[in-house]
Structures are given as C-alpha cells and as structure tokens.
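# What the coordinates show
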Amino acid sequence: MSSCGICGQIGAEESWGEANPWMLTKSTPAPANFERLVWTGLHEGWFSGRHVYRCGECEAYFFLAITSSSGQAGNSDYDDYTLTRRDPPAVADLDSENRRRETAQLLTVQCCQRGDLVLLEQLLDDERARLDVLKTLAALVTPQFPPSVLLERPAAADTRTAKSIGTKSIGIDLTPLEPRLRGFVSGPPDLAQAAARALARHLLHQARHDELQSLLASDGPVHAGALRALEDARVRDGGLPGEADAVRALMRHYVRTRAWKPAIELVEDHLTFRAAAQAIREIAQGVLDVDGPVDLSPLAPALVDKASRASQAPAWAGKDNYEAAAAALEALRPPGSVTGDLIPKPKWAETSAQASAADRKFLASLGAERPEPACKKPGCSRGTVSLSVLCRLHHFEMIRGYAWPHGDEAKLA
Ligand SMILES: [Zn+2]
Ligand SMILES: [Zn+2]
C-alpha cells in the first residue's frame, strides 16, 4: 500500500459488486476513495473491458474491469468490478515485451495529462511504442463520459443506482502533432491506418470537413483509418455530426461490408438520417459505387418507418425527411414491387397552429421528470420521464423525429 492521501487505502487488487442471487454472491462495497480517482477517457471495449483511471495525487494508474452477468430470465444484469493497481509507468518498462503495450498507453495518457510534448515526440520516435501511442492518441481526442459504476456502499442512499463516477475526460488537442501524424500517414500500412484514425478524429472534432474528406478519399489503410474515426464518433461520442460526406462514406462502407445493423442505425438517427437516405438512393441508382450490385432491402423497413413518422409530423418538420425517405424507397423499389404502397401519405394539411398544439400535447402527456435515473443521452443532466430512459426533451426528440422547436419548455403548464 502507498502512503498517498487519495489512493493509499486501495490495495493491489480490489473486487466489489452487486448481490447476484443467481451466482449466490452478496453485495460488496467499492474500496474507499475509488470515486476520487480520475477517469482518463481510455478504455478497451465499453460494457466489458478495461477502463483506465489515475490518481491525481501520486499518478498511480488503475485498471477497472467490469463484468456483467445476467439473471436467469436474462433481463437483469449484475455487475462485478475488479480494480487493479499499476504503478506509474516508466520509459524503461518498454523493454519488457509483455508490459510494452500497457506502458505505451499509460505513458501517452501521462504525457497528455502533463502536456509533455517532448516525451510524446520521443515515444513516437520509438518503433516499439509508436503504434500503441498512435492508437491511444486517437482514443483521447474526444472527451469521453466515464462508465457507470455501482459503489454498493450501504451508507449511500441509492445503492441500486449506477453512478457515473467522475467527470467527463479532457479531450486532447492534437494540433501540435499534426505534422508528425501526416508523416505517418504515408508510412507502412499499420502505422498509416492508426495515424489516419487519430488525425481523422482530430479533424472531425475541429469540424475541418474538407481535410477529413481528403483522408476519406485516399486508398487502403488511410481510408480504413478515417472510416474507423467516423465509426468511433458514431459509437463512442454519442453520434456522428450530420455532415453529408462523412455519413455517405460510412454508409458506403457498411453496405460494401453488408453491415446492416450500423447502416440501419444511421437511418434511424435523426442527425444522420437525411444524408443516409441520400446515400442509399445513390447506391441504389449506381451513382455511389459499392463494388457491384447489392440487395438493399434490409434497409427498407427503417426507411418506411422514418417516412411514416415524418408523415405525421407538421410539414415544416417532416417534409424534408419524408421526401428523403420516399426518394430512397423509390430508388430501392424493384420494378413491379409494392414497396411504394407502404409509404404512408403525409398529412401536410395540418396548420402550424395545429402542429404546435400537437407538439405541446405530446410533451405534456409525458408528465414530470423524476430526478433519478439520469437521462441516458450523453451530456444531458436532466432526469427521466416515466417508462423512458430519457428526459422529456430527448424522449420528445426520439419519438417525434425532431428537436423540441418551441423554446423554453419549462413554461409549459
Ligand atoms: Zn495516489
Ligand atoms: Zn436528456
């Protein structure tokens, strides 16, 4: 044990977790001061996998492994946690082959925390560490929310409620490293891919879409790295900005690899929907090349659903979405099929006053928010409405397909 005021009482390995009647385990509380460790934003996997924390006082690092097991009915999860201490990383540890990757990751985190560009450049010069340093940098560009962790402290009022321990991690600005990253982009394939991923996340974060587009327009590993960055943004950062070229590139990639689930998610997400529908239409018409003909019918139900929701929205909110969905469906329709008949006819006749009344009525029907559990939408600090994991405004947005358009909803009776 160390003498550190924050992490001194945390042992080399600590385990805790929820009581799980199926596994015959009792609940065990988290070690003292666990919640004072700082979330670094680095993790492998999300629901299971390792999350990296550090002690702000003595710079010790901790790996948190979260294991979920399901109850017999498969409908409730019981989480177990194992926290393993790792002493501050040292450059000399790079000599040890089995600690090398971990050391490169932790040194990168440490350099970013300290703003130590000199050591970071040195690590990028080191062939043994370079690839892991690039991968770690890519993960640190965008601020990340910490995982939900149960403390299981008897004193806590809400022992059953998962808590996000700590605050959002700090995003790292890679601007000073841009020349280095661009140098690696023209290097060997694995380095090129990792550097392109880091650079693309950085460009996306800075909304430099033209430069991002030129990475996406490259071949082989650079293209692959840029796609990974778009995928990271979509899955980890709570959504891809609706930037048309990025959505188009990702949709093309999903269709080429027959990855229907994420392709459908691009259709369902209202931020990316219109660009996704446009890309589907271009693929169906052969304008956007996906290496030969593909049966796009797995995407049709999501488009029909979108058209149907849009057809019930007021014209100003629904018309563009409706037309995008209908145009994509029209392009998908094989001659003689009836897909077109599945698209509901819009009711644009509604006046804006009626539409606004409908919005208000719907919001009012959601009732008041409970303070706990918190809204699942990353970055939202509101509570939730009954039977939903979202707050009033995010629930409204999910169901209606557009954000609450009437200003301050708090004024609603
Ligand atoms: Zn410490
Ligand atoms: Zn919310």
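Coordinates for the structure precede this section.
All right, on to the overall build of the protein chain then. Summing up its helical and strand segments, the protein chain has 14 helices and 9 strands in all. In the protein chain, which comprises 413 residues, the proportion classed as buried is 36%. Contacts in the protein chain between residues far apart in sequence, at least 24 positions, make up 56% of those at least 6 positions apart.

Take the environment of H51 next. Along the polypeptide, H51 turns up in strand β3 (residues 49–54). Note on H51: 24 C-beta atoms within 10 Å, which makes it buried. On a C-alpha basis, the gap between H51 and I66 in space is 8.3 Å, while along the polypeptide they are 15 residues apart. H51 has contacts with H43, L64 and P147, leaving out every residue within four places of it along the chain.

Spatially, the 5 strands line up as an open sheet ordered β1-β5-β4-β3-β2, and their pairing is antiparallel. Two strands lie at the open edges of the sheet, namely β1 (13–17) and β2 (38–44), each paired on one side alone. The mean angle between the axes of side-by-side strands here comes to 25°, regardless of whether they run parallel or antiparallel. As judged from the 6 bridges shared by β3 and strand β4 (residues 61–70), these two strands associate in the antiparallel manner. The residue bridging R50 from the neighbouring strand is A65, located in β4. Against the sheet, helix α1 (residues 100–114) contacts β2, β3, β4 and β5 (77–86), and its axis sits at roughly 140° relative to β2.

Moving on: the pairing of β3. Regular strands have side chains that alternate between both faces of the sheet. Looking at chain direction, β2 and β3 are connected through 4 bridges and run antiparallel. Across the sheet, H43 pairs through a bridge with H51, a residue of β3. Linkage of β3 to β4, two consecutive antiparallel strands, is achieved through a turn of 6 residues, within which E59 is found at a positive phi near 65°.

Now for the packing of helix α5 (residues 189–205) against helix α7 (residues 220–236). It is the contact of α5 with α7, at a shortest axis distance of 7 Å, that shows an interaxial angle of 40°. Judged on the interaxial angle alone, α7 and α5 are oblique. Judged by the sense of rotation from one axis to the other, the crossing of α5 with α7 is right-handed. On α7, the residues touching P189, A192, Q193, A194, A195, A196, R197, A200, R201 and L204 of α5 are G220, P221, V222, A224, G225, A226, R228, A229, D232 and A233. Split into classes, the residues belonging to the contact of α5 with α7 amount to 13 nonpolar, 3 polar and 4 charged.

Glancing now at helix α3 (residues 130–140). In terms of burial, α3 is largely enclosed, as 9 of its 11 residues are buried. When we look at burial in α3, the residues that qualify are D132, V133, L134, K135, T136, L137, A138, A139 and L140. Buried residues along α3 sit in contact with β2, α1, α2 (117–125), α4 (178–185) and α5.

Before going further, it helps to spend a moment on the packing of helix α8 (residues 244–256) against helix α10 (residues 273–284). In a pair of packed helices, the angle between the axes and the distance between the axes together describe the arrangement. α10 packs onto α8 with a crossing angle of 50° between their chain directions and a minimal axis gap of 9 Å. If you check the angle between α8 and α10, you find them oblique. For the pair α8 and α10, the sense of crossing is right-handed. Judged by residue contacts, A244, V247, R248, M251, R252 and V255 of α8 engage A275, A276, A279, I280 and I283 from α10. Class assignment of the residues belonging to the contact of α8 with α10 gives a composition of 9 nonpolar, no polar and 2 charged.

On to helix α12 (residues 315–332). The first and last C-alpha atoms of α12 sit 24 Å apart over 18 residues, in line with the 26 Å expected at 1.5 Å per residue. Of all the positions in α12, only G318, N321, Y322, A324, A325, A326, A328, L329 and L332 are classed as buried. Its buried side turned inward, α12 meets α10 and α11 (300–312).

With that settled, the discussion passes to the nonpolar core. As a rule of thumb, soluble globular proteins bury nonpolar side chains together. Formed by 95 residues in total, the largest nonpolar core has its most connected members in A195, A198, A226, L250, M251, A276 and A325. Looking at this core, the element that brings in the most residues is α5, giving 9 residues. For this core, the domains that each give at least three residues are domain 1 (1–167) and domain 2 (173–238). Those residues within four positions of A195 in sequence are excluded, and the remaining contacts are L134, L181, F184, V185 and G225.

Criteria and cut-off values
Residues numbered from 1 in each chain as written. Chains lettered and ligands numbered in written order. Predicted model: local features only at pLDDT ≥ 70, side-chain atom pairs only at ≥ 80, totals over all residues. Helix = DSSP H or I, 4+ residues; strand = E, 2+ residues; numbered from the N terminus. Buried ≥ 20, exposed ≤ 12 C-beta atoms within 10 Å, placed from the backbone. Contact = placed C-beta atoms within 7 Å. Pairing = 2+ DSSP bridges. Axes fitted to C-alpha atoms, helices over the stretch in contact; angles between N-to-C directions. Parallel < 35°, antiparallel > 145°, perpendicular 65-115°, else oblique. Left-handed = near helix turned anticlockwise from the far one by under 90°. Nonpolar A, V, L, I, M, F, W, Y, C, P; charged D, E, K, R; others polar. Expected span 1.5 Å × (residues − 1). Core = buried A, V, L, I, M, F, W, Y, C linked by C-beta atoms within 7 Å. Domains from an automatic or database assignment.

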